[in-house]
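One-letter residues, chain by chain:
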4 protein chains.
Amino acid sequence: MSGVAIYKFTTAHPGDVAGLGKLPASVKPEDLVAVVGKTEGNGCVNDYTRMLSSVVWDPHLKPSGGISVFSGGTEGVLSPHVSLIVKEPEYLADDGSKLYSEGLIAKVGETRDFEPWEMGTSIHAKVTAETIKALITELEIEPEDVHMVLVKCPLLTTAKVVASAKPCITTDTYKSMGYSRLATAVGIAYALGEIADEAAIDAALESYGEEGWSSRASCSSGAELENNHIVILATSKKASNPYRALHGYMADAIDLKVLLDLTSQIPAGAERVQIFAKAEPSTDGVIRGNRHTMMTDSDIQGTRHARAAVGGLISGVWGSTDVYVSGGAEGQGPMGGGSVCVVYKV
Amino acid sequence: MSGVAIYKFTTAHPGDVAGLGKLPASVKPEDLVAVVGKTEGNGCVNDYTRMLSSVVWDPHLKPSGGISVFSGGTEGVLSPHVSLIVKEPEYLADDGSKLYSEGLIAKVGETRDFEPWEMGTSIHAKVTAETIKALITELEIEPEDVHMVLVKCPLLTTAKVVASAKPCITTDTYKSMGYSRLATAVGIAYALGEIADEAAIDAALESYGEEGWSSRASCSSGAELENNHIVILATSKKASNPYRALHGYMADAIDLKVLLDLTSQIPAGAERVQIFAKAEPSTDGVIRGNRHTMMTDSDIQGTRHARAAVGGLISGVWGSTDVYVSGGAEGQGPMGGGSVCVVYKV
Amino acid sequence: MSGVAIYKFTTAHPGDVAGLGKLPASVKPEDLVAVVGKTEGNGCVNDYTRMLSSVVWDPHLKPSGGISVFSGGTEGVLSPHVSLIVKEPEYLADDGSKLYSEGLIAKVGETRDFEPWEMGTSIHAKVTAETIKALITELEIEPEDVHMVLVKCPLLTTAKVVASAKPCITTDTYKSMGYSRLATAVGIAYALGEIADEAAIDAALESYGEEGWSSRASCSSGAELENNHIVILATSKKASNPYRALHGYMADAIDLKVLLDLTSQIPAGAERVQIFAKAEPSTDGVIRGNRHTMMTDSDIQGTRHARAAVGGLISGVWGSTDVYVSGGAEGQGPMGGGSVCVVYKV
Amino acid sequence: MSGVAIYKFTTAHPGDVAGLGKLPASVKPEDLVAVVGKTEGNGCVNDYTRMLSSVVWDPHLKPSGGISVFSGGTEGVLSPHVSLIVKEPEYLADDGSKLYSEGLIAKVGETRDFEPWEMGTSIHAKVTAETIKALITELEIEPEDVHMVLVKCPLLTTAKVVASAKPCITTDTYKSMGYSRLATAVGIAYALGEIADEAAIDAALESYGEEGWSSRASCSSGAELENNHIVILATSKKASNPYRALHGYMADAIDLKVLLDLTSQIPAGAERVQIFAKAEPSTDGVIRGNRHTMMTDSDIQGTRHARAAVGGLISGVWGSTDVYVSGGAEGQGPMGGGSVCVVYKV
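Residues numbered from 1 in each chain as written. Chains lettered and ligands numbered in written order. Predicted model: local features only at pLDDT ≥ 70, side-chain atom pairs only at ≥ 80, totals over all residues. Heavy atoms only, no water.

### Digging into the overall build of chain A
Thinking step 1. The number of helices and strands found in chain A is 7 helices and 14 strands.
Thinking step 2. Its C-alpha radius of gyration of 19 Å places chain A within 12% of the 20 Å reference for a compact globule of 346 residues.
Thinking step 3. Dimensions along the principal axes, computed over C-alpha positions, put chain A at roughly 60 × 45 × 40 Å.
Thinking step 4. Within the span of chain A, comprising 346 residues, buried residues form 68% of the whole.
Thinking step 5. Considering only contacts in chain A between residues 6 or more positions apart, those separated by 24 or more positions represent 83%.
Thinking step 6. When the accessible surface of chain A is split by element, carbon and sulfur atoms take 52% of a total near 10,900 Å². (Helix = DSSP H or I, 4+ residues; strand = E, 2+ residues; numbered from the N terminus. Rg over C-alpha atoms; globule rule 2.2 N^0.38 Å. Buried < 20%, exposed > 50% of the residue type's maximum accessible area, 1.4 Å probe, protein only. Contact = heavy atoms within 4.5 Å. Areas by Shrake-Rupley, 256 points an atom, 1.4 Å probe, with all protein chains shown as cover.)

### Section: the sheet that holds strand S14 (residues 338-345) of chain C
Residues and elements named next belong to chain C.
Thinking step 1. Taking strand neighbours across the sheet as the criterion, the 4 strands line up as S9-S14-S10-S13 in an open arrangement whose pairing is mixed. Here the strands that pair on one side only, and so sit at the sheet edges, are strand S9 (243-250) and strand S13 (324-327). Strand-to-strand twist in this sheet, taken as the mean axis angle between neighbours without regard to direction, amounts to 10°.
Thinking step 2. Bridge count between strand S10 (residues 271-279) and S13: 4 bridges; the pairing is parallel. When the sheet's bridge partners are listed, Ala279 is paired in S13 with Gly327.
Thinking step 3. Contacting S9, S10 and S14, helix H6 (residues 256-264) runs over the sheet at an angle of about 165° to S9. (Pairing = 2+ DSSP bridges. Axes fitted to C-alpha atoms, helices over the stretch in contact; angles between N-to-C directions.)

### As for the interface of chain B and chain A
Thinking step 1. Between chain B and chain A, the residue contacts involve 38 residues of the former and 38 residues of the latter.
Thinking step 2. For the pair chain B and chain A, the summed buried surface comes to about 2,900 Å²; carbon and sulfur atoms form 56% of the total.
Thinking step 3. For the pair chain B and chain A, the number of links is 4 salt bridges.
Thinking step 4. In this structure, Glu40 of chain B and Arg291 of chain A form a salt bridge, with 2.6 Å as the shortest nitrogen-oxygen distance.
Thinking step 5. Across the contact surface, chain B and chain A share 16 residue pairs in polar contact (both at pLDDT 80 or more). (Buried area = accessible area lost by both parts, 1.4 Å probe. Salt bridge = Lys/Arg side-chain N within 4 Å of Asp/Glu carboxyl O. Polar contact = N/O pair within 3.5 Å; in protein donor to acceptor, adjacent residues only side chain to side chain.)

### Description of the relation of the copies chain B and chain A
Thinking step 1. Between chain B and chain A, which share one sequence, the superposing operator has a rotation angle of 180° and an axial displacement of 0.0 Å; the RMSD is 0.0 Å. When the rotation and shift are considered jointly, the pair of chain copies conforms to a two-fold rotation axis. (Least-squares fit on C-alpha atoms with pLDDT ≥ 70 in both.)

### Description of the packing of helix H2 (residues 122-139) of chain D against helix H4 (residues 173-191) of chain D
Between two packed helices, both the angle of their axes relative to each other and the distance between the axes serve to describe the pair.
Residues and elements named next belong to chain D.
Thinking step 1. It is the contact of H2 with H4, at a shortest axis distance of 7 Å, that shows an interaxial angle of 40°. Considering their axes alone, H2 and H4 lie oblique with respect to each other. The crossing of H2 and H4 is right-handed. Residues His124, Ala125, Thr128, Ala129, Ile132, Lys133 and Ile136 of H2 lie in contact with H4, whose contacting residues are Ser180, Ala183, Thr184, Val186, Gly187, Ile188, Tyr190 and Ala191. (Parallel < 35°, antiparallel > 145°, perpendicular 65-115°, else oblique. Left-handed = near helix turned anticlockwise from the far one by under 90°.)

### Looking at the pairing of strand S3 (residues 67-72) of chain B
Residue and element names in this part refer to chain B.
Thinking step 1. Burial analysis of S3 places 6 of its 6 residues in the buried class, the great majority of the element.
Thinking step 2. Side chains Ile67, Val69 and Ser71 of S3 all project onto a buried face; the interleaved residues Ser68, Phe70 and Gly72 project onto the opposite face, where all are buried too.
Thinking step 3. Two elements, strand S2 (residues 32-39) and S3, share 6 bridges in a ladder whose sense is parallel. Its bridge partner being in S3, Val35 is matched across the sheet by Ser68.
Thinking step 4. Following the backbone out of S2, through helix H1 (residues 49-61) and into the adjacent parallel S3, one traces a crossover that is right-handed. (Right-handed = clockwise from strand over helix to strand, strands pointing away.)

Here is the structure:
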């Protein structure tokens with residue numbers, strides 16, 4: 001089984017692995033399935049806080065073959081932190097029967113490395129979809145059991161663009177982050193059945209996610225890798241543990257209603273574990289009819305603005321600031337909105 | 001009487017005065033009491049969007065002797081806009097009796113110019129308090145009838161510091177904005193009876209607002225003036241119009257509860273006119289126990305982070321993004337929180 | 001005749017027109033040919049310091065039909081300033097003969113407004129070329145007499161892109177600034193005979209200026225206009241005044257040699273009046289074989305980096321910091337370098 | 001002996017240690033005396049590129065007991081790189097006599113950790129001076145033989161300020177970087193005899209370096225350490241190698257003259273190895289009488305502006321961009337200028 005628990009720790013800086021020492025004594029090094037963290041960089045091309053976190057965490061993930069997904073950017077109230085996803089034994093009664101009728105499960109995987117000219121294309125999407133489908137099969141679940149697919153995907157640097165054997169999808173390094181997230185999200189949508197076929201992949205890519213997206217995708221780009229790192233969070237009737245998840249999507253960046261709807265479904269007395277959300281500036285430059293300035297601000301990138309604003313709203317709803325809000329929601333929810341997943345413990 | 005209405009218009013850029021043409025035909029040039037706007041600059045020392053807005057709006061305020069208060073910074077979802085506060089005739093029945101038992105009123109004033117070495121000091125606070133007390137007297141109301149005092153206050157530039165006859169409170173131009181807002185807010189607190197006496201002014205200034213603050217102050221600093229521009233919003237039983245106001249304060253930057261409490265007091269069917277709020281990074285570096293990075297980010301100033309985050313939360317609650325969220329809440333609400341005022345029309 | 005002098009004044013802020021009062025008493029309002037200034041904004045999409053300067057200067061240009069060209073961005077040591085180009089009477093001896101065998105001349109003009117979908121295209125280039133050719137004819141000079149064509153050109157905002165009747169060359173507002181400068185520069189190159197024909201216009205545009213550029217173009221984009229504002233600086237044997245000009249180009253961003261070569265041609269005892277230069281990050285990411293980070297920095301735009309660095313070098317050579325260094329040299333000098341023009345007074 | 005060579009390598013990113021593999025085969029791990037590098041962060045409080053570089057380089061410095069000094073910020077044309085200072089055997093003739101009459105030498109050391117309330121104070125300066133004096137004694141040289149003392153010094157974070165047992169010199173994390181550099185530089189000045197006594201230390205600190213500074217100090221602050229890391233570069237008649245050094249100081253940020261003077265002293269045919277320079281915005285807001293905007297720009301920190309501008313000038317003079325230009329020259333050269341050291345190989 002792949003039953004998991006999630007432990008969350010704030011970090012003092014991107015090189016801080018002190019959370020490891022705060023895990024329950026029963027957790028062994030080989031139980032560390034994944035580290036999903038927010039680091040305090042700009043979340044853009046030259047954000048080396050993600051690389052720093054990878055460098056310090058990856059040795060601790062060696063024993064288990066686990067992976068790390070670091071998303072840069074804790075603008076506004078957001079608090080840098082890590083969520084450690086660790087193997088959780090099945091909760092069984094003395095007679096060996098399951099104590100819970102279901103439980104949270106997780107599995108990680110990696111795609112092959114991508115060539116610079118593949119990043120952001122349908123190849124990127126399809127290879128991602130194949131890896132996810134294989135993981136779902138291994139988990140013995142259906143696509144509808146998946147609550148969130150968290151992915152760390154690559155970006156193009158000036159050096160990669162110059163060295164590429166074929167033309168790349170863009171020469172703009174910041175824009176390449178969006179294309180990489182989009183292709184990854186479209187791959188997730190295809191793997192989860194949210195879009196129908198390979199033609200729909202092309203349509204989704206061409207429309208920049210407007211004509212095909214996933215409400216269960218959370219993709220983050222970084223310079224510190226060349227392939228996709230994938231973490232699947234799902235629930236399974238075969239598992240037995242007290243962790244539960246819900247998912248939905250914000251229709252725009254100020255969609256308080258869906259957040260209150262989701263949190264109202266958490267049973268009274270349950271412990272709020274974590275909320276994963278995506279945020280982005282709407283590409284038409286308006287929110288509910290009013291102009292925003294996120295895309296015409298040459299001092300602060302649009303993804304930073306979006307993380308700050310949505311992070312403020314989500315922190316207000318969640319009641320704490322160590323929440324996972326990631327910027328750049330291309331294909332991860334409707335245009336201008338973003339996917340949301342909440343995890344709680346009954 | 002000083003009964004007023006508030007009309008709100010989004011702007012295409014900081015030089016946009018098109019909203020003037022959208023006022024009801026009955027509004028005459030001499031009815032324009034004040035323009036309170038959000039412009040899309042950085043809200044900090046070198047934010048010349050406020051100066052641009054002042055340059056284009058001030059000629060329109062000449063006929064009425066009105067003033068302008070522009071607050072820079074529409075980070076995240078916030079939408080640049082102006083609130084035009086205009087004289088509203090008393091609503092009377094055919095028999096001359098009042099149609100409403102109360103109404104929104106407003107009055108504007110200016111202090112004398114401040115010397116560079118006075119800015120941010122108790123002199124700054126006391127002169128501000130005197131002007132406000134005089135305005136309250138003219139309005140024939142009590143301090144408790146006031147819902148919000150909006151002030152535009154000066155800052156120190158390198159040139160002013162170098163030219164000053166006496167030492168200034170700081171040589172750091174960005175920090176001078178905070179000191180100016182603080183002294184202004186403490187002056188408001190004193191005028192409204194929120195702090196007791198002149199000794200309390202000193203205590204409030206020395207504690208940087210922790211030991212004395214106003215829940216009805218909203219202060220914004222700018223390089224475009226040398227004195228304080230003051231707008232008082234209040235309600236009076238002597239007035240008769242359908243505009244109403246409520247005030248409160250956020251205890252921290254994610255205080256969703258107070259926002260839901262305030263908005264729940266707006267009667268069903270009433271029209272939401274505007275919400276005025278202040279935001280700031282908590283100076284102890286934490287929010288509900290979790291570290292934030294607003295004060296250690298050398299790329300984006302803390303006030304920008306705070307506006308973006310609180311702007312996201314308030315826009316979510318208000319349901320639109322053309323809200324007035326201003327950064328730097330020194331003495332304007334408790335440390336890390338900020339004052340809030342909502343205006344609606346029954 | 002169109003003989004001109006150039007007077008330079010530093011500004012206290014972008015709304016400062018105090019320089020007007022420092023002109024010689026003999027200069028009349030109708031003598032003001034052009035204002036070419038550097039303002040202290042970010043020089044990018046949301047730089048409203050240019051708009052503020054235009055708003056305050058344009059009334060003073062009404063009497064003469066003059067134009068303004070404001071270039072945003074005074075990063076590093078650069079000092080905000082304005083160069084006032086004013087009509088200068090011919091210097092004649094008592095017998096009416098010319099005191100000087102040549103002199104500096106200038107002429108200004110404007111193209112028609114451009115549609116959003118025209119900006120950055122060959123239409124933009126050709127219309128610009130036509131206007132410049134007409135101005136050269138009016139000046140009764142040859143293209144080789146021209147030392148610098150300073151142009152203020154438009155950019156695309158999110159609002160313009162959304163409203164455009166046809167697809168625009170880009171939806172990225174920051175990138176639109178580069179396309180606008182490029183098309184304008186290519187138009188200048190064509191008008192000055194630096195590129196051969198209309199086919200060369202297309203080749204220059206397609207290669208982003210690598211296969212066709214002007215060493216006498218200086219283009220600056222801004223949101224404050226919809227057409228091209230053009231200032232031509234030239235020397236003419238028909239004029240008689242003590243102002244002279246030289247031009248050249250930096251081959252890369254650290255080309256000290258060409259700057260020392262140009263300044264060594266200024267006669268001993270001559271007064272240095274102004275230097276106009278363009279700067280940009282090389283698009284291949286390297287300078288003389290070493291990687292630069294200007295295009296992978298998501299906190300500071302590449303044009304800001306380039307202005308700061310080239311501004312430091314040019315200020316060192318010129319010996320003062322009130323020099324005109326403008327960012328974004330697409331088609332204005334070789335890739336990674338930029339055009340340079342020096343003006344002095346014998 | 002402590003004879004050294006300097007090898008310089010550009011880096012692909014702050015985690016890049018590939019330069020190690022490009023050292024001559026004769027260099028052994030225990031020969032690595034120090035790594036002095038420029039990383040591509042913002043050079044300010046939240047610059048974790050320095051921490052990343054430390055994390056990846058420090059294991060390689062273990063065998064030799066060497067230290068690392070990383071200075072963040074490669075604004076403008078500056079190229080991220082590392083200078084590896086490695087032990088160089090004495091150049092001897094077959095008869096054992098020295099081939100060169102002198103040579104470059106280096107030694108590294110560390111102070112004790114500093115308490116938060118000590119940082120930036122005279123304690124900080126004096127402890128630094130003691131460590132440097134001891135190193136000079138060990139090198140068997142006189143203070144005047146020292147060409148440059150490169151130091152990495154700590155800064156205050158919000159967490160340190162809050163936790164400090166006594167009041168800190170500032171609560172502003174960015175400002176703490178300047179105080180730390182200043183105290184370190186004053187300590188260097190004292191150790192090198194550039195200021196006279198302990199009273200002069202206090203005068204230098206109180207005047208923020210105006211009344212006491214070192215032309216041979218280069219200090220860089222970072223969050224990645226709690227003590228001072230010190231590298232001394234000197235020349236000694238006892239050594240025998242072809243490396244030579246010169247030092248001087250820029251009187252202001254555009255002091256081209258001193259740079260041309262220093263480089264003109266490099267013998268024809270000698271190889272330019274490295275130039276180390278400090279840069280800062282002048283605190284009076286002007287350069288040679290003209291206003292600069294480095295200290296009133298709330299989008300880009302002043303040290304970033306200064307590095308970009310001075311980096312452009314120095315790269316132009318040096319002819320390449322992999323030069324060491326560090327921001328924040330408090331006490332390291334006169335106000336607004338900075339120390340300079342050039343190393344070449346005959």
